[in-house]
Amino acid sequence: MAVITYRQALHDTLAEEMRRDPSVVLLGEEIGLFEGSYKITAGLLKEFGPDRVMDTPIAEEGFVGAAIGAAMLGLRPVVEIMTVNFSLLAIDQMVNHAAKIHYMFGGQSRVPMVLRTPEGGGQQLAATHSQNFSAWYAYVPGLKVVAPATPADARGLLKASIRDDDPVVFLENLALYNTKGEVPGLGGNSTSERQPPPDDVVPIGTAAVMKQGSDLTLLAYSRMSVVALEVARRLEQEQGISIEVIDVRSLRPLDRPTLIESVKKTSRCVVIEEDWYSYGVGAELVATIQEGAFDYLDAPIKRVAQAEVPLPYAKVMEQAALPKAQNLVESIKATLDASGYRARTTR
Amino acid sequence: MLLIRRFEEKTAEMYQRAKIGGYCHLNLGEEATCVGLAAGMRPTDYLFTNYREHGYAIARGIEPEPVMAELFGREGGVAHGRGGSMHLFSAEKRLMGGYAIVGGQIPLATGAGLAIRRKGENDVVVCQMGDATTNIGAFHESLNLAALWKLPVVYVIINNGFGMGTSVEAGSSVAALHEKACAYGIPGVEVDGNDVIIVRDAIREAVERARSERIPTLMNIKSYRLRGHSVVDPDRYRSEQYLQRIRGLDPVARLADQLKRDGILDDEALEQLETEVEREVDAAVEFADDSPEPDPKKLFEFSYATEVPNQPSALPGQDPWR
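Calculation criteria
Residues numbered from 1 in each chain as written. Chains lettered and ligands numbered in written order. Predicted model: local features only at pLDDT ≥ 70, side-chain atom pairs only at ≥ 80, totals over all residues. Helix = DSSP H or I, 4+ residues; strand = E, 2+ residues; numbered from the N terminus. Rg over C-alpha atoms; globule rule 2.2 N^0.38 Å. Buried ≥ 20, exposed ≤ 12 C-beta atoms within 10 Å, placed from the backbone. Contact = placed C-beta atoms within 7 Å. Domains from an automatic or database assignment. Nonpolar A, V, L, I, M, F, W, Y, C, P; charged D, E, K, R; others polar. Core = buried A, V, L, I, M, F, W, Y, C linked by C-beta atoms within 7 Å. Pairing = 2+ DSSP bridges. Axes fitted to C-alpha atoms, helices over the stretch in contact; angles between N-to-C directions. Expected span 1.5 Å × (residues − 1). Left-handed = near helix turned anticlockwise from the far one by under 90°.

(A) Focus on the overall build of chain A. For chain A, the helix and strand inventory stands at 13 helices and 14 strands. Over its C-alpha atoms chain A spans a radius of gyration of 20 Å, differing by no more than 12% from the 20 Å that the globule rule assigns to 347 residues. Viewed in the frame of its principal axes, chain A has a C-alpha envelope of about 60 × 45 × 45 Å. Considering chain A as a whole, with its 347 residues, one finds that 56% of them fall into the buried category.

What follows is the structure, encoded as C-alpha cells:
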C-alpha cells in the first residue's frame, strides 16, 4: 500500500489499463505533447505513441462524438475534457447519443467510453472556469456518473469506468489533484507490470462509508467528502460527536439503500456539496432521505452548498461563495440542536 | 427503388391510419440516392444516417418486415420498437443508426472511421446527412478531424433543396454545398441524385478513395423530396410550379424509362415487378401487425450494457430504493 496523490492515481491507472487492454485509447486537448493541462497524462504519449494518445483540436463536440462512434466499433476511448466547463460544448453528444445508443437501438450497440473532466472552484479561475455540472450529467438515464474523492477511489472507479461497456462521466476536482491517500495495488515502481490485487476495482453504483458514526450522517461527494471527513474527525475528537460520513461517489446509479440505512441509524442528516444549492445532487440526496427515512429523522435535513452566483474572481468574493468546513460545522450543530442532542462529552 | 417507393407510400398510409406514431420522414423522390448509395458501398462498410432513413435501411438489405414493425413500435422491429422511424439500426447490416439530432451522426461516423484506422481494418464509413446539416458546427468539426487524421469516411449530403421549409440558399452562405470541402482540403463532388447509376458510381469512387488512400470526400447529391418534410407537413412553402418540375424528374420513372429504352424491361415485366413489390409491402404490414407490442415489464431491459448495483427500476409512483 502506497500513499500517492489523486493525480498520480489517475495517471498510473490510465497507464495500467492501457497496458492491459490495447483497445483503450486517450483523446483530448493537449494530453500528448503538452502532457495534459493538469499533467494527468504526463509521459503516456511517450509510452503508448500518438495512435493511442491522441491530441485533438479544440472541437469538443467533434472529438467527444468521435469517441462515442469509435466506442460503437469496439475501442475503449477515454476522453479528457480540460475542464467540465468546456464539456458543455459536447453535452449534446453525451446526452443525445452516448446515453441513448444502447437503449434506443434495442441493445444492438454499446458505448464503452469514459469522459474524464475536472470540476470545481477555488482557484480564482472566475465564472466560466470554476463550475460544477454533476447534476446535469447525473440527471440522464443511460449515463453512469462517478465523482471520486480519494486517490484509492480515483483508481478503483477509473478501472471500473474503463472496463464498463456503458458511457461513464468521470468527474474529478481541481482541488483534489494534489491530495494524498493510501492506494491499494499502487506505489513503488509505477511502470511495473505486476498484476494488482483483484479487489481494487470499485463498483460503480456503490457509496462508501468513509467513517462510521451514530449521532449524525454526513452525505457528500467529490471534494466535499474530504471536507466532511475532516470535520467529522475533528468534531468527534474535540466534542465527542459521533458522525458517520458517507461518500456518495457514484451519482448515477445512486446507492440509495446505503444512504437510507445510515440515517435510519443516526436519525440526523446533513448534506454538503460544492455545487450550487438549487436543483442539484444535494436536493436529490435530501429527497432520498426524506422518502426512505422520514420516520427516523429527529430534525430537518440541512444542506450546505455553493452560493448561487457566477463565481467571482476576487479571492475574498470567491471564498465567500464556496462551501467551507466552518459552514458544515455550523449546520451540523444546528441540526443537533434542533433535535435536542447533547454530546456525551463537552469541553 | 420501386420497393422503397411503394414502402414509403404505404408508410404514409399507415401513418394516416394511426398505425405509426411520432415523427415520420419519407424518402419519396430520393430512392435513387438510397439505392445508389448502398450499391456503391461494400456490405461490410458502415452507414450512419439521419432520421430520413427507411429507404437506406431497405437498400442496405434489411427486410421490409422488421423495418415496418419498427415503425409500428413492435418487438419484431429492427430496434425492438425502442427507436421508431428515426432510429433504425442493424448491427448485422452495419446500419449504425438513424440519428434525429441534426448533425449528431457526423462526429459518430468520424469516430467509427477512427476505430477502423486504429484497428488497421479495411472498411469505410459512409455518413449521410441533409443539406441544412452543413451549417451546424458538428459538420465542420468532423470534416476537420477526418481530414486531419486521414479517416476512411465519406460524407454524403442528400441535398433535396430544403431543410424543413428553409431553402439551401436561405440557410447557407455557400449554396454549392460541396464547395465547403475546400475548407478542409478534401475533394467535394456534386452528383445528380436522380440517376441511380450516377449515384452508385460516384459513391463507389469516393468510398474506394477513402479505403485505399484514407482521403475523406464531401458529396453533394442533388435530389428532391416529392412530399413535405414529414408526413404531416402540408408543404405550403414550395410553389406548384416547383413541384410540377420535380415530379418530372422522378428517379423511379427515369430508371424505368431507361431500362425500357435499353430493352432490359418491358411493360409486362414492370407490371410483374409492381405486383411483387406490392406483395412484399403488404407482407411487411402483415408482419408488423402480427408482431407483438413490447412488454412494459421490459421497460428497463436495455438500460445498461454492463449491469451495476442500484440501477433504476422504479415505475412512476414506485419507490426507487426498494
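(B) Focus on the overall build of chain B. A tally of regular secondary structure across chain B gives 11 helices and eight strands. Taking 20 Å as the expected radius of gyration for a compact globule of 322 residues, we find that chain B reaches 20 Å, a close match to that expectation. By principal-axis analysis of the C-alpha atoms, chain B measures approximately 65 × 50 × 40 Å. Scored against the burial criterion, the 322 residues of chain B give a buried share of 50%. For chain B, restricting intrachain contacts to residue pairs at least 6 apart in sequence, the fraction spanning at least 24 positions comes to 72%.

(C) Structural detail: the interface of chain B and chain A. Every contact between the two is made by 41 residues of chain B and, on the other side, 48 residues of chain A. Ranked by the residues each element gives to the side of chain B that touches chain A, the list is headed by helix α5 (residues 105–119) of chain B, at 10 residues.

(D) Representation of the domain arrangement of chain A in the model. Residue and element names in this part refer to chain A. The domain boundaries assigned to chain A delineate domain 1 (2–200) and domain 2 (208–338). Domain 1 puts 26 residues into the contact, and the matching count from domain 2 is 22 residues. Put simply, the parts of the chain that give the side of domain 1 that touches domain 2 at least two residues each are α7 (134–138), β6 (144–146), α8 (151–163) and β7 (168–173). Of the residues belonging to the side of domain 1 that touches domain 2, the class tally is 14 nonpolar, nine polar and three charged.

(E) Representation of helix α4 (residues 64–71) of chain B within the structure. Residue and element names in this part refer to chain B. Among the eight residues in α4, eight count as buried, and that is most of the element. Of all the residues in α4, the buried ones are P64, E65, P66, V67, M68, A69, E70 and L71. Summarising the contacts, the buried residues of α4 are in contact with α1 (2–16), α3 (54–59) and α11 (267–290). G73 sits one or two residues past α4 and shows a positive phi near 75°.

(F) Local environment of the nonpolar core. The biggest cluster of nonpolar side chains holds 196 residues, and the ones touching the most others in it are L218 of chain A together with A112, C127 and V154 of chain B. If you count residues domain by domain, this core takes at least three from each of domain 1 (2–200) and domain 2 (208–338) of chain A. Setting aside anything within four residues of it in sequence, one finds A112 of chain B in contact with G69, A70, M72 and L73 of chain A together with Y46, M96 and V125 of chain B.

(G) Inspection of the sheet that holds strand β12 (residues 250–252) of chain A at higher detail. All names here are of chain A. Spatially, β3-β2-β4-β5-β7-β6-β12 is the arrangement adopted by the seven strands of the open sheet, whose pairing is mixed. Only two strands of the sheet have a single neighbouring strand rather than two, namely β3 (53–55) and β12. Taking each pair of neighbouring strands and ignoring which way they run, the sheet shows an average axis angle of 20°.

(H) The arrangement of α11 of chain B in detail. All names here are of chain B. Along its 24 residues, α11 runs 34 Å from first to last C-alpha, staying within 8% of the 34 Å computed at 1.5 Å per residue. Turning to α11, its buried residues are V281, A284, V285, F287 and A288. Here the buried face of α11 lies against α1 and α4.

(I) Summary view of the sheet that holds strand β4 (residues 153–159) of chain B. Residues and elements named next belong to chain B. Spatially, six strands are ordered β2-β1-β3-β4-β8-β7 in an open sheet, and the strand pairing comes out parallel. Only two strands of the sheet have a single partner each, and these edge strands are β2 (95–98) and β7 (188–192). Within this sheet the neighbouring strands show an average axis-to-axis angle of 15°, counted without direction. Strand direction decides the pairing type here: β7 and strand β8 (residues 217–222), joined by five bridges, are parallel. By the bridge assignment, E190 is partnered in β8 with N220.

(J) Highlighting the packing of helix α2 (residues 31–40) of chain B against helix α8 (residues 196–213) of chain B. Residues and elements named next belong to chain B. Where α2 meets α8, the closest approach of the two axes is 7 Å, and the angle between their N-to-C directions is 40°. When the axes of α2 and α8 are compared, the crossing they make is right-handed. Mapping the contact onto sequence places A32, T33, V35, G36, L37, A39 and G40 in α2 and V196, V199, R200, I203, R204 and V207 in α8. Residue composition of the contact of α2 with α8, by class: eight nonpolar, three polar and two charged.

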